[in-house]
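What follows is each chain in one-letter form.
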4 protein chains.
Amino acid sequence: MAEIGIGILGGGYMGKAHAVAMSSVGAIFDTALKPRLEMVCATTPQSAERYRAAYGFARGTDDWRVLVNDPAVEAVVIATPQETHREIAEAAFKLGKPVFCEKPLGASLDESAAMVAAAEAAGVVNMVGFNYIRTPASQFARQLIADGVIGEITWFRGEHTEDFYADPEAPATWRTTGMANGTMGDLAPHMINGALALIGPIARLIGTHETVHRARPGGEVTNDDHAQLMCRFENGAMGQMYFSRVSTGRKMGYAYEISGTKGAIRFDQEDQNALWLYRMEGPEATRGFTKILTGPAHPDYQPFCQGPGHGTGYQDQIIIEAKDFLTAIHAGKALWPTFRDGHEVNRVIAATLASADAEAWTDINDY
Amino acid sequence: MAEIGIGILGGGYMGKAHAVAMSSVGAIFDTALKPRLEMVCATTPQSAERYRAAYGFARGTDDWRVLVNDPAVEAVVIATPQETHREIAEAAFKLGKPVFCEKPLGASLDESAAMVAAAEAAGVVNMVGFNYIRTPASQFARQLIADGVIGEITWFRGEHTEDFYADPEAPATWRTTGMANGTMGDLAPHMINGALALIGPIARLIGTHETVHRARPGGEVTNDDHAQLMCRFENGAMGQMYFSRVSTGRKMGYAYEISGTKGAIRFDQEDQNALWLYRMEGPEATRGFTKILTGPAHPDYQPFCQGPGHGTGYQDQIIIEAKDFLTAIHAGKALWPTFRDGHEVNRVIAATLASADAEAWTDINDY
Amino acid sequence: MAEIGIGILGGGYMGKAHAVAMSSVGAIFDTALKPRLEMVCATTPQSAERYRAAYGFARGTDDWRVLVNDPAVEAVVIATPQETHREIAEAAFKLGKPVFCEKPLGASLDESAAMVAAAEAAGVVNMVGFNYIRTPASQFARQLIADGVIGEITWFRGEHTEDFYADPEAPATWRTTGMANGTMGDLAPHMINGALALIGPIARLIGTHETVHRARPGGEVTNDDHAQLMCRFENGAMGQMYFSRVSTGRKMGYAYEISGTKGAIRFDQEDQNALWLYRMEGPEATRGFTKILTGPAHPDYQPFCQGPGHGTGYQDQIIIEAKDFLTAIHAGKALWPTFRDGHEVNRVIAATLASADAEAWTDINDY
Amino acid sequence: MAEIGIGILGGGYMGKAHAVAMSSVGAIFDTALKPRLEMVCATTPQSAERYRAAYGFARGTDDWRVLVNDPAVEAVVIATPQETHREIAEAAFKLGKPVFCEKPLGASLDESAAMVAAAEAAGVVNMVGFNYIRTPASQFARQLIADGVIGEITWFRGEHTEDFYADPEAPATWRTTGMANGTMGDLAPHMINGALALIGPIARLIGTHETVHRARPGGEVTNDDHAQLMCRFENGAMGQMYFSRVSTGRKMGYAYEISGTKGAIRFDQEDQNALWLYRMEGPEATRGFTKILTGPAHPDYQPFCQGPGHGTGYQDQIIIEAKDFLTAIHAGKALWPTFRDGHEVNRVIAATLASADAEAWTDINDY
Ligand SMILES: NC(=O)C1=CN([C@@H]2O[C@H](COP(=O)(O)OP(=O)(O)OC[C@H]3O[C@@H](n4cnc5c(N)ncnc54)[C@H](O)[C@@H]3O)[C@@H](O)[C@H]2O)C=CC1
Ligand SMILES: NC(=O)C1=CN([C@@H]2O[C@H](COP(=O)(O)OP(=O)(O)OC[C@H]3O[C@@H](n4cnc5c(N)ncnc54)[C@H](O)[C@@H]3O)[C@@H](O)[C@H]2O)C=CC1
Ligand SMILES: NC(=O)C1=CN([C@@H]2O[C@H](COP(=O)(O)OP(=O)(O)OC[C@H]3O[C@@H](n4cnc5c(N)ncnc54)[C@H](O)[C@@H]3O)[C@@H](O)[C@H]2O)C=CC1
Ligand SMILES: NC(=O)C1=CN([C@@H]2O[C@H](COP(=O)(O)OP(=O)(O)OC[C@H]3O[C@@H](n4cnc5c(N)ncnc54)[C@H](O)[C@@H]3O)[C@@H](O)[C@H]2O)C=CC1
């Protein structure tokens, strides 16, 4: 059994999720590399120590350089805010260490371009944290489309909607300033990545965005609360997307609807263990959307449970990511989604923001 | 009991629906005016006679002028294709007869403008067949919004999706040529009217449309299979719409989602007796979308059934229209939605088509 | 076109529903016999006149004998409370007039036995008002089962649940006294008939029932608020049923779940236009319940609407009944469900009540 | 940080689930005791070694006595078939070691009685593996009922339905012989425990059960495929339950519906992150079942994810169990559900089987 020392940057929402994932991924997927929780980094020595004790790391630090440079840290997971991603990743790559970076990849298109360059120059494993596309249901949706089950795609609608900022009294945080932290920066990447993975590259688009609540306790809001776009994919499909953190009532609205010439697929992350499939075949009288409950017949489900319909949850997606990351490291070969995939998402975001400013259809190729 | 002689133009899909509605509306709503099925008109004497006998009209004709001019025909229902609407309506107005016209109002913006002028010059009752907005559920949605239950509207998503042309082997008909008969012309009016009724006037928009299957048995297809738009309402709400007759698997996808600062509403005509309401109040732990089944507590439900949740269907919407039309005639005062409302919808359609050609955001006020 | 004079007893909930049905069934189904609303009967001259005017009958009366004996009344619809069914039906049969009787058939097993005898002696058309089994969805469920699509039936669960008496402050009416008017008498017949129609005869059962709220404004409650039973069908299937008028939150809970060796069916009248079908075929990965929206491909749908998924409602079931009744009269041959079918239901009810008293499994054949 | 050495008996379905749970529970719940995977036991040295390596245990063995007696094993988790539970538990208790035992508690009522006696004599922590009742949704349902939100309970319906034996070609295993391994023995305990936890003790009941497929590849089937019961709870509520492993189409049908005098609750494990709550309050027009998505406001959710609606899955229930077990050990005080609770379930099962034999209502107190 080969062990690998893991260092995680950040101990908040995602830092914890990755620590948990690294604790259990070995038992769940029987990975060739078994992770060892080596070090966690947070902004203060106190919080670092708190995370260390709570999550079971050997050591903690408040200096990311200490973590990245530590010889026992053999792979780096970045779960700190977007502004910090680039510097950390580049340092790790310089040392030849594999990096898993939370979405979005860096705080801007320039940053992600640089990060891709650094990753490719280093030639080490690099991966971005697009977890929602990794549920058994969404992986299966990708398979169905690739297998032509729903024919040529004619239409895509995607949304990533939550309501954690629907209440104007919810206080300002790092998420309320900086375009990389607003809805286009923070939530849209998941669904844009989903769209690219499910349908393929986008050719052109036009978007618009808006700040609904401009002031919050603790500060002004300088980034977008919700945003939308219309697009054309390279394969000709038409599409529409919507992203929001003020979508009252929506808690985890990563949802899509895909129409093809032979069928259709519908999915909503709020019921993440069901995929709806319509096929234009058989007698009209028995056609309809089939509600498929995920189970051992679907990708990456069986290791969690032998029983179909028993269900996976949010944390399990992060465990699937950890498995992919460890698998890539063991094979010495980056696996989808790499930094380049993260950068592709940033290109779409940049094009959307530009199209909103210009109020004009915009080619992705210009970004 | 006052009777009123009804003449219906067309005996197809909608001609029948209106004939049935006029047969039963008196018993259901105990209207002051009780309709008498006086005359039906179709393209041939044979089909006219067939419809007469089947639906219980006193007489049939293949000449719409005969129907409109007949003195026993005291109110006119137009359920023929869009190209015929204007001429018939104008003739009826000249005789001072009330007119109910199926959607869309005429075959173009010019036509609907002329029809509004004719209606207003005649000063008689005029109404357009936007039936979906008349379900108890959608009427209740309008009330909830008007009462401020979901606060200020921030977002609207609407669709009218069906799949009757998803199969490329479905033959060409009058619906496959002429922009008034395509998806923007034929299906979009329902949801655009819905958007205007639920949210208010649209300020500006940008759309795009496409013919997915360009050839069908029996002819080329010269109008759009699906179309989409992004918009901004005058009250500031952002929005998105989609219309399709090739939306595989969707049978009656008149659906909308509305977010407000205090709540949200969701509706899908495929489950037309349920309205979903979220309110941002009470403890977080018991919040969620409430699935309200329509019943006697909701608009225009009780006359159909004393039991809640027992449900109304498609035909019942047309009966509600008939009730409104008869009520308007009896009161001598047009009721919503009038020809002007039909024309407002056509302005949005015209702006959408223009924006698609220009590939640019377009002001509704220019139309 | 042959006309037939219809007399309806009762102008309340169901009297109105049948009046509306008779007004529109001719136009909807193009029946060979076109009904003419000849006479309505209610308890007072005033209410009779009110119903006459509202529903469009030629005449009204407060004496059911006048109606039954009137020569222009050629067919009789009984929509008065259960205690009145027998006397009226027998009188009509003596005159050789076809009778449609609302469920339950009479106020007791003895009554329904007598009514069957009278109907069969007269040799005229007789029918019972089991409307819920007549939705396009439930008719289709029967077809699927008959065609063996779900294999041998192993399990049936049925319920008829509403909540109109969940509130203890809802006042006493005729429904709160007399076992024929309680939940077993008033609501259970629908689902028991459904069970017999879908699965086949019941061999034995054991039930229990209870009055939850024993006093209401206006009087004591002397019949059951809810009841349940377990049973074995003659074909070997096991089953379970529940009936309630105090099922808080349930508005129209006519619902069933059927498991077979090759598939399963689920249905809930609260979403009456959807039937859920599971088939144990094809790869595991794409199996699931298919939500079939009713449409022209399903029984008795097309006359209401050419568009699939556009939906039928409560009133439409009564129209389907009226069509069946008129068709039977025209053919001179009773159609399912006849009085005998109504009596079969009463046998199951009698056995259930007896089993509750005896606290013992009971054979239907003893009743 | 205090560590505790864990020994797990069994490395199959549940052995793995508990191993995973013990790997991550520390990081997720920041438990005072941090588990150390000390030893795993399976039937052969080979399988024991396989599980050891895969799940990350220090050591493996094929002799359960070795595990139980090992001084580094400080707490014992029994995840072997029911026939083995008693002997192992009793040995552990003799050594004063806390025991977590998978459901059902032993292979018979006698066994569970003995196991309770042993546990109570030893005075150590003992717990049974009823995991489904521990989802955030079902825990919240218990709270709502306890808080009186739905008033007095009038009705309970529960089911535990799966279809892993719907296919007659599925081979015989240990689950197809022995009443403790059939549907009443293997699946019913979950829902019976659920019923007791949600509603309270059952007073009397009558049940029936059946083997649908009597022969399978590999052997005859000597236990039940499905079973049902009707019951009366001590608090007066009426109820109905159904259990099946041949419920075609049902994958994880742990589902219940509870009616009270003020509201109702509905839950289906196939959509385990939603709880449906109806309250008889506010205007009729806005009443309906509210679909509550679980989130940080609900029991035991927040440690898994800060985002509401992001969802937990099957494995997370086992982690919650592990947390409860470790908490109990740390506090030195058994937590619900203890062996006694497991025995209460066995009493209901024994009474059900007896009532089926006797074909008679049976008092729980006789068992
Ligand atoms: N994939 C997903 O579902 C989600 C991804 N994210 C992404 O994960 C990243 C982290 O977000 P959250 O966990 O929500 O944030 P958080 O605010 O909950 O936690 C951030 C953590 O980073 C640490 N940190 C911040 N600056 C640091 C610095 N300079 N050096 C060392 N530590 C530092 C803080 O101490 C804290 O522990 C972001 O890039 C975000 O976009 C966030 C939420 C969900
Ligand atoms: N509100 C709604 O839900 C729907 C509205 N419509 C609208 O209803 C109208 C009619 O559509 P459908 O009933 O679907 O068409 P259809 O093709 O089923 O029937 C058209 C009828 O008009 C008659 N007709 C055609 N040209 C005529 C003429 N010049 N003079 C006399 N009769 C003529 C035909 O004989 C036929 O009876 C259209 O404007 C359409 O957009 C259609 C379907 C649904
Ligand atoms: N199939 C279904 O879905 C339903 C069936 N029913 C059945 O329909 C029947 C009527 O019930 P509802 O319409 O709900 O009752 P209701 O109380 O609304 O109306 C009863 C009507 O019968 C009239 N009536 C009563 N006694 C009479 C008499 N001796 N002579 C003449 N008229 C008399 C009353 O004036 C009233 O018009 C019952 O047998 C009931 O079980 C009721 C509701 C639903
Ligand atoms: N809570 C839940 O959701 C579930 C609970 N269970 C319960 O868990 C227990 C185990 O069931 P599964 O994991 O499904 O069985 P399984 O057949 O998948 O695994 C049984 C394990 O026990 C081991 N084993 C059997 N006899 C043994 C012995 N005498 N000594 C040592 N090891 C032995 C086997 O080697 C195997 O590793 C049962 O009591 C069952 O009722 C099972 C499935 C789900």
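Residues numbered from 1 in each chain as written. Chains lettered and ligands numbered in written order. Predicted model: local features only at pLDDT ≥ 70, side-chain atom pairs only at ≥ 80, totals over all residues. Heavy atoms only, no water.

## Observations concerning the side chain of B:Arg216
All names here are of chain B. As a reminder of what qualifies: Secondary structure elements follow DSSP: runs of H or I no shorter than four residues count as helices, runs of E no shorter than two count as strands, and numbering proceeds from the N terminus. Only protein chains enter the calculation, and the probe is 1.4 Å; a residue is then buried if its accessible area is under 20% of its type maximum, exposed if over 50%, and partly exposed in between. Only four residue types enter the charge count: Lys and Arg as positive, Asp and Glu as negative, with His and the chain ends excluded. Salt bridges are identified by distance alone: a Lys or Arg side-chain nitrogen within 4 Å of an Asp or Glu carboxyl oxygen. What makes two residues a contact is simply this: any of their non-hydrogen atoms within 4.5 Å.
Relative to the helices and strands, Arg216 resides in strand S9 (residues 215-216). Despite its burial, Arg216 pairs with no opposite charge; the closest candidate is Asp225, at 4.3 Å N-O. Each residue touching Arg216, except ones within four places of it in the same chain, is listed here: Tyr165, Asp167, Pro168, Glu169, Ala170, Pro171, Ala172, Thr176, Val221 and Asp225.

## Examining the packing of helix H1 (residues 13-29) of chain B against helix H9 (residues 314-331) of chain B
Residue and element names in this part refer to chain B. Defined as follows: Angles here are taken between N-to-C directions and fall from 0 to 180 degrees, while the axes themselves are lines fitted to C-alpha atoms, restricted in helices to the stretch in contact. Orientation labels follow simple angle bins: below 35 degrees gives roughly parallel, above 145 gives roughly antiparallel, 65 to 115 gives roughly perpendicular, and whatever is left gives oblique. The sense of a crossing depends on the near helix, which, turned anticlockwise from the far helix by less than a right angle, makes the crossing left-handed and, turned clockwise, makes it right-handed. Classification convention: Asp, Glu, Lys, Arg as charged; Ala, Val, Leu, Ile, Met, Phe, Trp, Tyr, Cys, Pro as nonpolar; all other residues, Gly among them, as polar.
Packing of H1 against H9 brings their axes to within 8 Å, and their N-to-C directions diverge by 65°. When the axis of H1 is compared with that of H9, the two are roughly perpendicular. Like other packed secondary-structure pairs, H1 and H9 cross with a definite hand, here right-handed. Contacts from Tyr13, Met14, Ala17, His18, Val20, Ala21, Met22, Ser24, Val25, Ile28 and Phe29 in H1 reach Tyr314, Gln315, Ile318, Ile319, Ile320, Glu321, Ala322, Lys323, Phe325 and Leu326 in H9. Classifying every residue of the contact of H1 with H9 by side-chain character gives 16 nonpolar, three polar and two charged.

## Here's the deal with the packing of aromatic side chains
Stated formally: Two rings belonging to Phe, Tyr or Trp (six-membered ring only in the last case) form a pair when the distance between their centres is within 6.5 Å. Interplanar angles under 30 degrees mark stacking, angles over 60 mark edge-to-face geometry, and anything in between is tilted. Counted as over-ring charges are cases with an Arg CZ or a Lys NZ within 6 Å of the ring centre that also lie within 35 degrees of the ring normal.
Applying the stated criterion across every chain, the model contains 54 aromatic pairs over all chains. Ring centres of A:Tyr242 and B:Trp155 lie 3.4 Å apart, and the angle between their planes is 5°; on these two criteria the pair is classed as stacked. Of the two residues, A:Tyr242 sits in strand S12 (residues 238-244) while B:Trp155 sits in strand S7 (residues 153-161), which places them in two different chains. What makes A:Tyr242 buried here is its relative accessible area of 3%. Aromatic side chains C:Tyr254 and C:Tyr256 sit 6.3 Å apart centroid to centroid with 85° between the ring planes, which places their arrangement in the edge-to-face category. Residue C:Tyr256 is classed as buried on the basis of its relative accessible area, which comes to 1%. Joined through ring pairs, the aromatic side chains of A:Tyr13, A:Tyr132, A:Tyr254, A:Tyr256, A:Phe267 and A:Tyr314 make up one cluster. The ring of D:Trp336 has D:Arg142 lying over it, and the distance from NZ or CZ to the ring centre is 4.1 Å.

## Some thoughts on the domain arrangement of chain A
Reports often express the size of an interface as the amount of accessible area lost when the parts come together. All names here are of chain A. For clarity, the cut-off: Segment limits for the domains were obtained from an automatic or database-derived domain assignment. Put simply, buried area is how much 1.4 Å-probe accessible surface two parts lose in total, over both of them, once they are put together.
Domain annotation of chain A identifies domain 1 (2-132) and domain 2 (133-314 + 345-358). Computed from C-alpha atoms alone, the centre-to-centre distance between domain 1 and domain 2 is 26 Å. Taken residue by residue, the interface counts 20 residues in domain 1 and 24 residues in domain 2. The junction of domain 1 with domain 2 conceals about 2,000 Å² of combined surface from both sides, 60% of it contributed by carbon and sulfur atoms. Area buried by domain 1 at its contact with domain 2 is led by Phe29, Phe130 and Tyr132, which between them contribute 43% of it. The residue Asp186 makes a salt bridge to Lys103 at a minimum N-O spacing of 3.0 Å. Those elements giving two or more residues to the side of domain 1 that touches domain 2 turn out to be helix H1 (13-29), helix H4 (82-94), helix H5 (109-122) and strand S6 (126-129). In terms of residues, the side of domain 1 that touches domain 2 owes the most to one element, H1, which gives four residues.

## Considerations on the pairing of strand S1 (residues 2-9) of chain A
All names here are of chain A. Stated formally: The crossover handedness rule: strands pointing away from the viewer, path from first strand over the helix to second strand clockwise, crossover right-handed. Pairing between strands is defined by DSSP: at least two bridges between the two strands are required.
Taken across its eight residues, S1 has six buried, putting it largely inside the fold. Each parallel crossover has a hand, and for S1 linked through H1 to strand S2 (residues 33-41) it is right-handed. Bridging between S1 and strand S4 (residues 75-78) involves four bridges; their strand directions are parallel. Along S4, the bridge assignment pairs Ile6 with Ala75.

## Details of the relation of the copies chain B and chain A
A rotation about an axis combined with a shift along that same axis relates the two copies of the chain. To keep things clear, this is the line we draw: Copy-to-copy superposition: least squares on the C-alpha atoms, limited to residues that have pLDDT of at least 70 in both copies.
At an RMSD of 0.0 Å, chain B and chain A line up after a rotation of 180° and a shift of 0.0 Å along the axis. Look at the turn and shift together and you get a two-fold axis relating the two. Closest approach to the rotation axis within chain B is made by the C-alpha atom of B:Ala360, at a distance of 3.1 Å. An overlap of 100% is found between the interface residues of chain B and their copies at the interface of chain A, pointing to a shared contact surface.

## Section: the site of ligand 1
Residue and element names in this part refer to chain A. Put simply, the rule is: Proximity is defined per residue: any heavy atom of the residue falling within 4 Å of a molecule or strand makes that residue near it. Think of a polar contact as two N or O atoms within 3.5 Å of one another; within protein, one of them needs to be a possible hydrogen donor and the other a possible acceptor, and neighboring residues in sequence only count if both atoms come from side chains. Only the protein chains shown count as covering a residue, and every accessible area follows the Shrake-Rupley method with a 1.4 Å probe.
Around ligand 1 sit 26 residues, and of these Gly11, Gln82, Asn131, Arg175 and Tyr314 come closest. Thr43 is positioned such that a nitrogen or oxygen atom in its side chain is 3.0 Å from an oxygen atom of ligand 1. In the environment of ligand 1, a nitrogen atom lies 3.0 Å from a nitrogen or oxygen atom belonging to the side chain of Glu102. Look at ligand 1: alone it shows 840 Å² of surface, and the protein chains cover 85% of it. Sorting the residues of the shell around ligand 1 by element identifies H1 and H4 as the ones contributing at least two each. Partitioned by chemical class, the residues of the shell around ligand 1 number 11 nonpolar, 11 polar and four charged. The two domains that each donate at least three residues to the shell around ligand 1 are domain 1 (2-132) and domain 2 (133-314 + 345-358).

## Details of the site of ligand 3
Residue and element names in this part refer to chain C. The environment of ligand 3 is formed by 26 residues, the closest being Gly11, Gln82, Asn131, Arg175 and Tyr314. Within the backbone of Gly11, one N or O atom sits 2.8 Å away from an oxygen atom of ligand 3. A distance of 3.3 Å separates an oxygen atom of ligand 3 from a polar atom in the side chain of Asp186. Isolated, ligand 3 exposes 840 Å² of accessible area, and the fraction of that covered by the protein chains is 85%. Elements with a minimum of two residues in the shell around ligand 3: helix H1 (13-29), helix H4 (82-94) and helix H7 (183-198). At three residues, H4 tops the list of elements feeding residues into the shell around ligand 3. Split into classes, the residues belonging to the shell around ligand 3 amount to 11 nonpolar, 11 polar and four charged. Inspection of the shell around ligand 3 shows a minimum of three residues originating in each of domain 1 (2-130) and domain 2 (133-328 + 345-358).

## Re the sheet that holds strand S3 (residues 59-61) of chain D
Residue and element names in this part refer to chain D. Strand order across the open sheet formed by six strands is S3-S2-S1-S4-S5-S6, with parallel pairing between neighbours. Bordering the open sheet on either side are S3 and strand S6 (126-129), each of which pairs with just one other strand. Neighbour-to-neighbour, the strand axes of the sheet open up by a mean angle of 25°, direction not taken into account. Where strand S5 (residues 99-102) and S6 come together, four bridges link them in parallel fashion. Considered in S6, the bridge of Glu102 is made with Gly129.

## Quick word on the environment of C:Ile265
Residue and element names in this part refer to chain C. Relative to the helices and strands, Ile265 is located in strand S14 (residues 263-268). The class of Ile265 is buried, set by a relative accessible area of 0%. Sequence separation between Ile265 and Val149 is 116 residues, and the spatial gap between their C-alpha atoms is 9.9 Å. Excluding anything up to four places from it in sequence, Ile265 contacts Ala141, Leu144, Ile145, Ile150, Tyr256, Glu257, Ile258, Leu275, Trp276, Leu277 and Phe289.

## Looking at the pairing of strand S6 (residues 126-129) of chain C
Neither face of S6(C) is left uncovered, since the one carrying C:Asn126 and C:Val128 and the one carrying C:Met127 and C:Gly129 both have all their residues buried. Regarding topology, helix H5 (residues 109-122) of chain C serves as the crossover connection from strand S5 (residues 99-102) of chain C to the parallel S6(C), and that connection is right-handed.

## Comments concerning the interface of chain B and chain C
Across the boundary between the two partners, chain B contributes 37 residues, which contact 37 residues of chain C. Summed over both sides, the interface of chain B with chain C buries roughly 3,000 Å², with 55% coming from carbon and sulfur. At the boundary of chain B and chain C, one finds zero salt bridges. Applying the counting criterion to the chain B and chain C interface returns 14 residue pairs in polar contact (both at pLDDT 80 or more). Taken together, the elements giving at least two residues each to the side of chain B that touches chain C come down to H1, helix H2 (45-55) and H9 of chain B. If one sorts the elements of the side of chain B that touches chain C by residue count, H1(B) sits on top with eight residues. Broken down by class, the residue content of the side of chain B that touches chain C amounts to 15 nonpolar, 14 polar and eight charged.

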